Amino acid sequence: MNMPVFKKTIFLTILSVALTLHLHSQLSDTQESIYPAKRSVLDYLERQDIVEKYGRISDAIWSYAELGLEEYRSAGLLAKTLEEDGFSVEMGLAGMPTCFLATYGSGKPVIAILVEYDALPMISQKGRVPYHDPVIDGAPGHGCGHNMMGTASIAAAIAVKHAMDEFNIQGTIKVFGSPAEENLISRPFMIRAGLFEDVDAVIDNHSSSAFGTGYGVSGTALFSSIFTFKGKTAHSAGSPWDGRSALDAVELMNIATNFLREHLHFSHRMHYVILEGGQVPNVVPDKASVWYYVRNSDERVEEMYERVVNCAKAAALATGTELEEIKVVGAIHQRHSNQSLAELFQRNIEIAGMPEWDEEEQEFARTLQRELGVEERGMPEEVNTLSPPRGVFTGGGSSDVGDVTLIAPTATIRFPGIVPGAVSHHWSTVSSTYGSAAWKGLNAGARAIAASAIDLLTLPGELEKIRAEFEEYTSQNPYRPFLPDDAEPFLELNRNLMQKYRPLMEQHYPD
Ligand SMILES: [Zn+2]
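Fair warning: this is a prediction, and the values are worked out from it, not measured in the lab. (Residues numbered from 1 in each chain as written. Predicted model: local features only at pLDDT ≥ 70, side-chain atom pairs only at ≥ 80, totals over all residues.)

Trainee: Explain the overall build of the protein chain here, please?
Mentor: Across its full length, the protein chain holds 15 helices and twelve strands. Computed over its C-alpha atoms, the radius of gyration of the protein chain comes to 25 Å, within 12% of the 24 Å expected for a compact globule of 511 residues. Across its three principal axes, the protein chain shows a C-alpha extent of roughly 95 × 65 × 50 Å. In the protein chain, which comprises 511 residues, the proportion classed as buried is 50%. (Helix = DSSP H or I, 4+ residues; strand = E, 2+ residues; numbered from the N terminus. Rg over C-alpha atoms; globule rule 2.2 N^0.38 Å. Buried ≥ 20, exposed ≤ 12 C-beta atoms within 10 Å, placed from the backbone.)

Trainee: Any chance you could explain the nonpolar core here in plain terms?
Mentor: The nonpolar side chains of soluble globular proteins are, as a tendency, buried together. In this structure, Ile113, Ala156, Ala159, Val160, Ala450 and Ala453 are the most contacted members of the largest nonpolar core, which totals 141 residues. Counting residues per element, this core draws most heavily on helix α13 (residues 436–458), at 14 residues. Residue contacts for Ala159: discarding those within four places in its chain leaves Val41, Tyr44, Leu45, Ala446 and Ala450. (Core = buried A, V, L, I, M, F, W, Y, C linked by C-beta atoms within 7 Å. Contact = placed C-beta atoms within 7 Å.)

Trainee: Help me understand helix α2 (residues 36–46), please; the structure alone is not making it clear to me.
Mentor: Each full turn of the α-helix corresponds to 3.6 residues, which orients residues three or four apart in the same direction. The complete set of buried residues in α2 reads Lys38, Val41, Leu42, Tyr44 and Leu45. Relative to the axis of α2, the buried residues are bounded by an arc of 160° and lie together on one face. (Arc of directions from axis to C-beta.)

Trainee: Quick question: what am I supposed to make of the packing of helix α3 (residues 48–64) against helix α5 (residues 146–167) here?
Mentor: Angle between the axes and distance between the axes are the two parameters that describe a pair of packed helices. Where α3 contacts α5, the axes come no closer than 8 Å and their chain directions differ by 145°. Crossing geometry of α3 relative to α5 is assigned as right-handed. Counted together, Tyr54, Ile57, Ser58, Ile61 and Trp62 of α3 and Asn147, Met148, Gly150, Thr151 and Ala155 of α5 form the full contact between these two elements. The residue inventory of the contact of α3 with α5, partitioned by class, reads six nonpolar, four polar and no charged. (Axes fitted to C-alpha atoms, helices over the stretch in contact; angles between N-to-C directions. Left-handed = near helix turned anticlockwise from the far one by under 90°. Nonpolar A, V, L, I, M, F, W, Y, C, P; charged D, E, K, R; others polar.)

Trainee: Would you mind going over the domain arrangement of the protein chain with me for this structure?
Mentor: It is common to report an interface's size as the accessible area lost on association of the parts. The domain architecture assigned to the protein chain consists of domain 1 (31–218 + 334–508) and domain 2 (221–330). Averaged C-alpha coordinates put domain 1 and domain 2 at centres separated by 34 Å. Each partner contributes residues to the interface: domain 1 has 16 residues there, and domain 2 has 15 residues. Its residues assigned to classes, the side of domain 1 that touches domain 2 comprises nine nonpolar, six polar and one charged. (Domains from an automatic or database assignment.)

Trainee: What's the story with helix α8 (residues 301–319) in this structure? I'm lost.
Mentor: Across its 19 residues, α8 extends 27 Å between first and last C-alpha, which sits within 8% of the 27 Å expected from 1.5 Å per residue. Burial in α8 covers these residues: Val301, Met304, Tyr305, Val308, Cys311, Ala312, Ala315, Ala316 and Thr319. Looking straight down α8, one finds its buried side chains confined to an arc of 135°; they lie on one side. Within α8, the exposed residues directed more than 90 degrees away from the buried face are Glu303 and Glu306. After α8 finishes, the residue Gly320 shows a positive phi value of roughly 65°. (Expected span 1.5 Å × (residues − 1).)

Trainee: How should unusual backbone geometry be read in this particular structure?
Mentor: Across the chain, the bulk of peptide bonds are trans and the bulk of non-glycine residues have phi less than zero. Cis geometry marks the peptide bond from Lys108 to Pro109, where omega comes out at -5°. When you line up the elements, Pro109 lands in the loop between β2 (100–106) and β3 (110–115). Unlike most non-glycine residues, Met122 shows phi in positive territory, near 80°. As for its placement among the helices and strands, Met122 is situated in the loop between β3 and α5. With a phi angle near 55°, Asn168 is a residue other than glycine that sits in the positive phi range. Within the secondary structure, Asn168 is located in the loop between α5 and β4 (171–177). Residue classification places Asn168 among the exposed positions, given that 8 C-beta atoms sit within 10 Å.

Trainee: Honestly, the sheet that holds strand β8 (residues 269–276) in this entry has me stumped. Any pointers?
Mentor: Across a sheet, strands are paired by hydrogen bonds formed along the backbone, either parallel or antiparallel in direction. Spatial strand order, β8-β9-β7-β10: four strands in an open sheet with antiparallel pairing. The sheet is open, and its two edges are formed by β8 and β10 (322–332), each paired on a single side. Direction aside, the axes of adjacent strands within the sheet are offset by 15° on average. Examined bridge by bridge, strand β7 (residues 221–230) and β10 share nine bridges and lie antiparallel to one another. Paired with Leu222 across the strands is Ile332, a residue of β10. Sheet strands touched by helix α7 (residues 246–260): β7, β8 and β9 (287–296). Its angle to β9, the strand with the most contacts, is close to 20°. (Pairing = 2+ DSSP bridges.)

Trainee: Which parts of the structure should I look at to understand the sheet that holds β2?
Mentor: Read across the sheet, six strands follow the order β1-β2-β4-β3-β5-β12 without closing on themselves; strand pairing throughout is mixed. Of all the strands in the sheet, just β1 (88–91) and β12 (410–415) have a single pairing partner and so form its edges. The average undirected angle you get between the axes of adjacent strands in this sheet is 20°. Sheet analysis places strand β5 (residues 201–207) next to β12, joined by six bridges and oriented parallel.

Trainee: What is the right way to look at the environment of Val115 in this model?
Mentor: Following the sequence through the fold, Val115 ends up in strand β3. Here Val115 is in contact with Leu78, Gly150, Ser153, Ile154, Val175, Phe176, Gly177 and Ser178, once residues within four sequence places are set aside.

Trainee: Help me understand the environment of Tyr293, please; the structure alone is not making it clear to me.
Mentor: For Tyr293, the location among the structural elements is in strand β9. Not counting residues up to four positions away in its chain, the partners in contact with Tyr293 are Leu222, Ser224, Met270 and His271.

Trainee: Would you mind showing me how to read the packing of α3 against α13 here?
Mentor: Interhelical geometry of α3 versus α13 gives an angle of 110° and a closest axis separation of 9 Å. Classed by the angle they form, the pair α3 and α13 counts as roughly perpendicular. The crossing of α3 and α13 is right-handed. The residues of α13 that touch α3, namely those facing Val51, Tyr54, Gly55 and Ser58, are Ala438, Trp439, Leu442, Asn443 and Ala446. Partitioned by chemical class, the residues of the contact of α3 with α13 number six nonpolar, three polar and no charged. (Parallel < 35°, antiparallel > 145°, perpendicular 65-115°, else oblique.)

Trainee: How should I be thinking about the environment of Val423 in this particular structure?
Mentor: Among the structural elements, Val423 can be located in the loop between β12 and α12 (427–432). The sequence separation of Val423 and Leu372 amounts to 51 residues, and the corresponding C-alpha distance is 8.7 Å. Apart from residues lying up to four places away in sequence, Val423 is in contact with Leu372, Ser428 and Thr429.

Trainee: What should I look at first to understand the confidence of the model for the protein chain in this one?
Mentor: The predicted structure's coordinates, where accompanied by low pLDDT, should not be read in detail. Predicted confidence across the protein chain gives a mean pLDDT of 93, with 93% of residues reaching 70 or more. For residues 1–31, every residue scores under 50 in pLDDT, and the model assigns this stretch one contact once sequence neighbours within four places are set aside. (pLDDT = per-residue confidence, 0-100.)

This is the structure:
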């Protein structure tokens, strides 16, 4: 189509004005983005005494290494620190003793910061030791950096509180102490209890070897369930025909699900551990249980889970046992991270900047990388660019933050400190989530979180844009929990393990 010349001229003029305005707004964005309230949270967190204070809290939680729903010391330390700085704290929410909510301020907007603090079993490791050396063989360790995350969140919240006082900023900061993230438990229960009802935007964070954020759908939805079979004991040699082995049912179920894999979508993930399978070979086991993680996209996970349940039913029928219980430990959605919020985070990540690592920290990183057989590239130098969603869904890990992303606009700040190449949920990550590099990384994370919270509290236009994107998405995809209505938090899940290891760990790391 031919455009008349005069129209073309007008069009080009408008285009050039628009581009100039756009460029100008970008420039002024960068210049104005460190306005006094934001400057004050950055200055506060950069103070050496503050870096050390929160570094020591992170190391303390690292040494407690408490498993999900057993995080009494960890949640207690974080809540106490918030309380000392003027937050009002409610502990023991949503049916979980280690779930807390700390609040400061009043009225709108309500900005939430998520806090995690649980450890992982089996991966005990000494801090800043670049080879495998457990503190206590088989004990838990912080192999996902939740010690750094919980601490970064509260440091940021406290910095924001001081700025709210100094600059008379209206609104509310809510800090959500979320237990048992590693067991993917707490958030659906917290949502069900109505804790997030008035929240306008959510700042999530995760420790990492990089500094960045992203948006769109990521990770996998998940059902975590324990299948328990009931059989009948008998003398295994004298009269085995009188017995019905519950262990047989577990084994047959596992065979059935492993055959199922071939016909599942390639994005599935499925893994299990046998929790109970009898006590001696000469008594037919009358009780056995197996714990499954069934993961896929939001669209596929329920159908996949139903097929796994059918494998359990078939195994019970074949062995003459009873499928006594299916205990849903957790059931969660994929993450749906808000793009406008991630863009706001990205600007603040760039302002916070990558920490300067000293020679000892670089040397530790290179030694650990050599030990792990990965490239000896030391610690990272630059922050990442904003990550768009992956083109193809290929599966991956899960987080119960997924459900939060569907009830309020949410995105995640990934902050550095973990040595690049360290393996997640492995001793190498436990080793690098302790000490000075972890302190610097979590402090950089806290600065990005705090700066973002200040933007959300003081720039209504930003929050409106974020909310509009969220409303548009959820009008098409309203939240429907995967968690069954009758599910309750499994408070005993990690009790035995912690009873075994807690006294040993307290000997190593007294308060
Ligand atoms: Zn984690």
